[in-house]
Each structure stands twice: as C-alpha cells, then as structure tokens.
Amino acid sequence: MTDEARWWQRTTIYQVYPRSFADSDGDGIGDLRGVIDRLPVLAELGVGTVWLSPFFASPQEDFGYDISDYTAVAPEYGDVETVRELIEVAHGLGLRVVFDLVMNHTSDQHPWFVESASSRDNPKADWYLWHDGRGRPGRDGRTRRPNNWKAPLDLTSAWQWSPVRRQWFLASFLPFQPDLNWRNPEVREAVFGAARQWLGMGVDGFRLDVFGWIMKDEAFRSNPFRPKLGGGDIVRLWRRDFTENTPDNVRLAKDLRAVVDEFAPPERVLIGEVFGSPDEVHEYLGDDDGLSLTFAFDLLEYRYSARYFRDLIARYEANYAAPRLPAYVLENHDRSRTIDRVGGDEGKARLLATMLLTLRGVPTIYQGQEIATSNTYLPLAGALDPMGRTFLPWMPEWVSRRIAERINRDEVRTPMQWDASRNAGFSTAERTWLPVNPEYPRRNVAAQREDPDSTWRLFQTLIGLRRALPELHDGTLRLLDAGRDVVAYERAHVADDGTIARVVVVLNFGAAPLTWAQAGEVLVASGPGVASTATTTTVPASTGVVLRPV
Ligand code: TEU
C-alpha cells in the first residue's frame, strides 16, 4: 500500500455489509473471517477502499447501528484480533479500510445508557439528551413532549418517556437508539477514544453514520412545519432547521478532523452520511479542515431521466469545485437496488453504473451492485428490519408491497451471491439469517467473472479505466450540449508537460438509438451495438459509452 497523500480522492469505495457478505463458520451469519477470505475478489474487481458496516458489540436490533460497546467486536463477527488481521490483509492487497462510526446514538442496552437512565443524578445522567416535558403530568405521570422533533418518516415523535427518570429522552432514529449528548465533553472523549483505538490499529478512516443529526439546537426549538422533498432522503413534513446540519454540527466535523489528523500519515478519510442539497452539505468540508467527503444520495431517487441527472451533475459541479469532490452513491444497505428502480432493466442499471464510475467524484458501490442483484421481495410481516415494524405496524401488505424498499430494508440485505452452490456460496448453514435471493443460480459473482459481457466485468473494466486514466480520476468535468434524452460530458486532464488527455462520456437514456456527432475509440460500452464511423458514434438505447475522441 502506498501512502500517497489524498489517496481517497482517487479511490473507489466498496461497501461491505458484514452480516451478509461471507459466513466462514457456518452459523448462517456473515463474519469478519469471511470478509478476509473474499478480499482478493474485491482487489480483483479493482476497488480501492473497503467500507465495513458496523461489526461492533451490539444487540443487533438495527444490525449493528445500535452499538453497546464501541471498542469491542460482536462475537458472531470475530474479535479485535480478527479486525487487526483484516486491516493487515487488506493493506497487503493494496486496499484501504474504512469503518462505520455511529456517533449520534448508541443502543439502549449500552452500559452508558443503562446507567444514564437509572436516575437523574448518576455520573452519566447527562450523557444522553434528557429533557423535562411541558405542562403538568397526566394521569400516567407523563408530561407533554418537550418539542415537535420527529423520528424518521415523520409519523411519530423522537421523544421517548422514561418512567424511572420521569423525563423524556431523544431517540432521533429508532426508539431503542437514544441520542448521545455531544455537548458533554465526557461523551466526546469516550467516543473519540474509541475512534482512536481503531485509528491506532491502522484503519484508514470512517464513514460517519447520520452525521448531520448529531448536534441539535441547544435551546431545543421546535422545527418549522414545511414539507421538503429531495436532498436524497425520504419525504419530510417538517424542515429540520433545529435538528440537522446546524452550525454546531459543522463545527463538530472540524473537531473530529483534528482527532483523525493525530494519526496521519497516511491521511485518514472522513465520509459523512449527511442529507441535504449540495449547497447545504458541502459546508462540512470546511476549508480542508472538516470532513473529507460527503455522500451524494440524489442518485438513489426513482428517476431515470437525462434531464434529472444533467441538472444534478451541474449542481454538484457548482458546489463541489475542485479539489472538492462529491461521493456519489447509487446503492446502499438502506434503499432499493438500482435494477428495481429502473423497472428490472439491466441495461439501464449498467448505463447508471457507467455514469457513477465516470463522474468527477468518489464512487461508492454496495455489495451485490456489481452483479446487478435485485431486491429480494420479503413481506413486511416477519421483517427483521425494525423500520416498518416500528413506524408502520398498521400498514397492510398490499400497500407496503408497493413501497417496500422504504420500510423493509431486509430486501437489500440478503446474502451475497457468490456462486451457484447451496446458499449462493455464502454459508454452509441449514438456514441463513435472511433468505438468499432466489435469482442466485443465474446471477452470481462466479458466473459473471467468467462472462466477458457481464455486469461484474463491466464494473471491473470501468474501475480499471478510472484508475488508469488521470482524466477520469483527477480530471475536470464539462457537461456537453446534447439532446433531451442524453447526458454527455468531457473529462479532461492537463499533464505536467502540458499535454491534454480527454475522454467523452455519452449516456443515452432514450428509447431510440442516438447518433453522436463525434468519432472516437470506444474505451468501454455498457451494452452491445456501439459503433464509430469516421465522424459519428452510434449509441443504442439505454447505453453508455466512454470515447477517446479522434
Ligand atoms: O441511516 C440513516 C438513513 O439514511 C435513514 O434515515 C434512511 O432514510 C432510512 O434508512 C430509510 O431508508 C443510517 C444507516 O445507514 C441505517 O442503516 C441505520 O439504520 C440508521 O442510520 C441508524 O443508525
């Protein structure tokens, strides 16, 4: 592994969901040894950074996003020594490793919370966001909630009642995930201390879970009622002026930066899961003293329209001028698979992958995306994911089926499809923790590695090209004039000796073939039928192409 500065600007990130990646001990649950065993396949795919979703001690009610010890590993995944080995093996393969840091909340079973909830005057009484209610207590002893802050989906309050403290505590996500009080210096030191443990072990940085929510308004003011669409998150009825992306939260990014900088070199990366429009969230990057990257979630929408993506690229270009970069996300463990968002059409999913991997920004790939895995339909009743059960217990199946991705995240967390053997090669267990997607005999990594036209091979080619060409990993981006159904851009790079290298990316979202008025060498095409004459290039419907203009 080379310790080049700013390595993260040129990397491609691959998200591993450890519970579903590879099970080495046959208990039906993925583990860290399984990840170690499969790292060579990721190196072969060509990605540069592996981000692991949380594997820390946890009651697993939200599958690791509910932590009960930041410094320990959940026993079903391995132990601290396995983590050390994972980092070493990854580094040996030239891969960087990023962990998931969940700073906003812990599990309600974390000893910190158990103590905090035990009385109003214990040593950790102020470690979480406790607040008296409004008005006089009712017959059950409860007061009215302190303010109108909402849990996800905006259907229920984020405040939970404690009969012991006779106070409310804030849980901005699920009720069993109480929010830590980041204004308490002891909390900061405790969580920063855990981060230092992993940094000292060699982790290359952190993906920061719901980073935008951590520092709420100090005066606990209610959010204004004003519905808001877009920004990459689900629809909101209340603006989150006092709970999300507050000025204090932007300052927290700088404090965290200072912690990870204690460990450079190599430079460590901080990637924020922050929601909002590009003109809001780019603030987190500061003057190169905040987060390194912020995810751009706008690609996760159900939009397959050239105009949508053209506007989006223009907005990110305007707000993330070089050396800043957005970290584009097309899939993750929370949202519907790409192929399901484009009506099951793999050609369209491949076109979007071509865009993702040729934009100016750091691309993120979620395990399974490289073989165009689809959602595994699983009814809401019986879901392991607590989202739907918590917020929509009354919803009938025929309704939830239509919007399943938003409420049953199990559907995108089923085991990785490695090969056509039992359990898709994920596990030798009788039963895996979630069922395997029934498409696996046809759709798996082993089959696609053998097939030069497969989606896995397309990803490998695009990632390889991105690594090889400075115009792709380091160049400028200029949107080109194109027809209504076309997104086209030029990526260019000026070498030290002044020579300019250029590639042009043409993405035909339309249903008819396109004649692009430029000829060139076809470096990659997302589908068959691309042809260049002396002056033009034909791009079939739902196809993307990377051209070296002549
Ligand atoms: O998710 C936050 C987030 O993106 C959700 O609000 C999202 O809108 C929701 O899952 C609907 O798809 C992060 C993690 O990615 C998620 O897995 C955790 O459950 C959550 O934080 C709480 O830690």
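This one's a predicted model, so the numbers in the text were calculated from it and none came from an experiment. (Residues numbered from 1 in each chain as written. Predicted model: local features only at pLDDT ≥ 70, side-chain atom pairs only at ≥ 80, totals over all residues. Heavy atoms only, no water.)

Caption draft 1: Focus on the nonpolar core. In terms of nonpolar packing, the biggest core is built from 132 residues, with Phe99, Met103, Trp182, Phe206 and Phe211 touching the most fellow members. For Phe211, the residues in contact, after removing those within four places along its chain, are Met103, Asn249, Leu252, Ala253, Leu256, Gly272, Glu273, Val274, Tyr284 and Leu291. In this structure, Ala151, Phe176, Val210 and Ala383 belong to the second largest nonpolar core, which totals 14 residues. (Core = buried A, V, L, I, M, F, W, Y, C linked by side-chain atoms within 4.5 Å. Buried < 20%, exposed > 50% of the residue type's maximum accessible area, 1.4 Å probe, protein only. Contact = heavy atoms within 4.5 Å.)

Caption draft 2: Summary view of the environment of Leu357. When you line up the elements, Leu357 lands in the loop between α9 (346-356) and β15 (362-366). Here Leu357 is in contact with Thr12, Pro363, Ile365, Phe459, Leu462, Ile463 and Arg466, once residues within four sequence places are set aside. (Helix = DSSP H or I, 4+ residues; strand = E, 2+ residues; numbered from the N terminus.)

Caption draft 3: Structural detail: the sheet that holds strand β22 (residues 537-539). Pairing in this open sheet of three strands is antiparallel, and the strands run β19-β22-β21 from one edge to the other. The open sheet terminates on both sides in strands that have one partner only, identified here as β19 (514-516) and β21 (531-532). As defined by bridge partners, β21 adjoins β22 across two bridges and the pair is classed as antiparallel. Residue pairing in the sheet places Ala531 in a bridge with Thr538 of β22. (Pairing = 2+ DSSP bridges.)

Caption draft 4: Local environment of the domain arrangement of the chain. The domain boundaries assigned to the chain delineate domain 1 (7-106 + 192-460), domain 2 (107-179) and domain 3 (476-549). Taking the mean C-alpha position of each, domain 1 and domain 3 sit 30 Å from one another. With 20 residues of domain 1 at the interface, the matching set in domain 3 holds 22 residues. A combined buried area of about 1,600 Å² lies between domain 1 and domain 3, and 69% of that area is made up of carbon and sulfur atoms. Taken as a group, Arg310, Leu351 and Thr358 account for 35% of the area that domain 1 buries against domain 3, more than any other trio of residues on that side. Taken together, the connections running from domain 1 to domain 3 amount to zero salt bridges. (Domains from an automatic or database assignment. Buried area = accessible area lost by both parts, 1.4 Å probe. Salt bridge = Lys/Arg side-chain N within 4 Å of Asp/Glu carboxyl O.)

Caption draft 5: Seen up close, the sheet that holds strand β17 (residues 486-494). Strand order in the open sheet made by the five strands is β16-β17-β18-β23-β20, with antiparallel pairing throughout. The sheet is open, and its two edges are formed by β16 (476-479) and β20 (520-525), each paired on a single side. Strand after strand, the sheet turns through a mean of 25 degrees between neighbouring axes, direction not considered. Pairing between β16 and β17: four bridges, direction antiparallel. (Axes fitted to C-alpha atoms, helices over the stretch in contact; angles between N-to-C directions.)

Caption draft 6: Highlighting the pairing of β17. Counting buried residues along β17, eight of its nine residues qualify, which places the element largely inside the surrounding structure. Hairpin geometry of β16 and β17 is characterised by an intervening segment of six residues between the two adjacent antiparallel strands. Bridge count for β17 against strand β18 (residues 500-508) is nine bridges, and the pairing is antiparallel. Of the residues in β18, the one forming a bridge with Glu490 is Val504. Linkage of β17 to β18, two consecutive antiparallel strands, is achieved through a turn of five residues, within which Gly498 is found at a positive phi near 90 degrees.

Caption draft 7: Representation of the pairing of strand β5 (residues 96-101) within the structure. Most of β5 is tucked away: six of the six residues are buried. Note: strand β2 (residues 49-52) against β5, four bridges, orientation parallel. Across the sheet, Val50 pairs through a bridge with Val97, a residue of β5. Sheet analysis places β5 next to strand β9 (residues 205-208), joined by three bridges and oriented parallel. Bridge assignment links Asp100 to a residue of β9, and that residue is Arg207.

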